Amino acid sequence: MIRLRALFACGLRRSAAARLLLAGAYKRVLVAGGATQMDRDLVLTDLANSTGYYRVSPADTPEAELRFAEGKRFVMARILHHLRMPRELQQQLEDAARQEQLTNTEEGDL
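Below is a summary of the structure that appears in this document. Just so you know, the residues in each chain are numbered from 1, in the order the chain's sequence is written. Side-chain atom pairs in this predicted model are given and counted only at pLDDT of 80 or more, local residue features only at pLDDT of at least 70, and totals for whole chains, interfaces and linings cover all residues. Heavy atoms from the whole structure form the basis of all side-chain values; hydrogens and water molecules are not counted.

**Thoughts on the nonpolar core**
Then, in step 1: One finds Leu-44, Ala-48, Tyr-54, Met-76, Leu-80, Met-85, Leu-93 and Ala-97 forming the largest nonpolar core, which totals eight residues.
Then, in step 2: Contributions of two or more residues to this core are made by α2 (37–50), α3 (63–83) and α4 (87–107). The set of buried Ala, Val, Leu, Ile, Met, Phe, Trp, Tyr and Cys residues whose side-chain atoms join them within 4.5 Å is what this entry labels a nonpolar core. When a residue's accessible area, from a 1.4 Å probe over protein chains only, is under 20% of the maximum for its type it is buried; when over 50% it is exposed; and in between it is partly exposed. To qualify as a helix, a DSSP run of H or I must reach at least 4 residues; to qualify as a strand, a run of E must reach at least 2; elements of each kind are numbered from the N terminus.

Here's what the structure looks like:
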């Protein structure tokens, strides 16, 4: 599984080129066909990060926010359920998504 941080130098990951790469990966995976393994890795990592699948809501999260967060996590859980990835790949996805969250904090969202 690729780590998105490895694709662009620090500070350039949130560039127009990065956004185009991610948009193209989504298009190839979901619509156009011809997706590469890197495309699939990018999309899965982005989905895991953007749904907050590996994050925990704080105990004081307002109910409406909590329901929304759980709904996003449910979508990712459904995708992973159907993929039935080996544990090693699941761990790599978790690591990549967590790294993306750290980078979002440092550099902003992609």
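**Remarks on α2**
Then, in step 1: Here α2 contains 14 residues, and its C-alpha end-to-end distance of 20 Å stays within 8% of the 20 Å for a straight helix at 1.5 Å per residue.
Then, in step 2: The contact criterion used is simple: two residues touch if any of their non-hydrogen atoms lie within 4.5 Å. Residues of α2 that are buried in the fold lie against α1 (16–32), α3 and α4.
Then, in step 3: Gly-52 occupies a position one or two residues after α2 and carries a positive phi of about 70°. An expected span of 1.5 Å times one less than the residue number is assigned to each helix.

**Focus: the pattern of salt bridges**
Then, in step 1: Take a side-chain nitrogen of Lys or Arg and a carboxyl oxygen of Asp or Glu: if they are within 4 Å of each other, that pair is a salt bridge. Following the criterion strictly, the structure yields four salt bridges and no others.
Then, in step 2: The partner of Arg-98 in a salt bridge is Glu-94, and the shortest N-O contact between them spans 2.8 Å. In this pair, Arg-98 and Glu-94 are both assigned in helix α4, four residues apart and thus about one turn of the helix distant.
Then, in step 3: A residue is classified by how much of its surface remains accessible, and Arg-98, at 40% relative accessible area, is partly exposed.

**What about unusual backbone geometry?**
Then, in step 1: In this structure, Arg-84 takes a positive phi of about 45° despite not being glycine.
Then, in step 2: Within the element layout of this structure, Arg-84 appears in the loop between α3 and α4.
Then, in step 3: For Arg-84, a relative accessible area of 62% corresponds to the exposed category.

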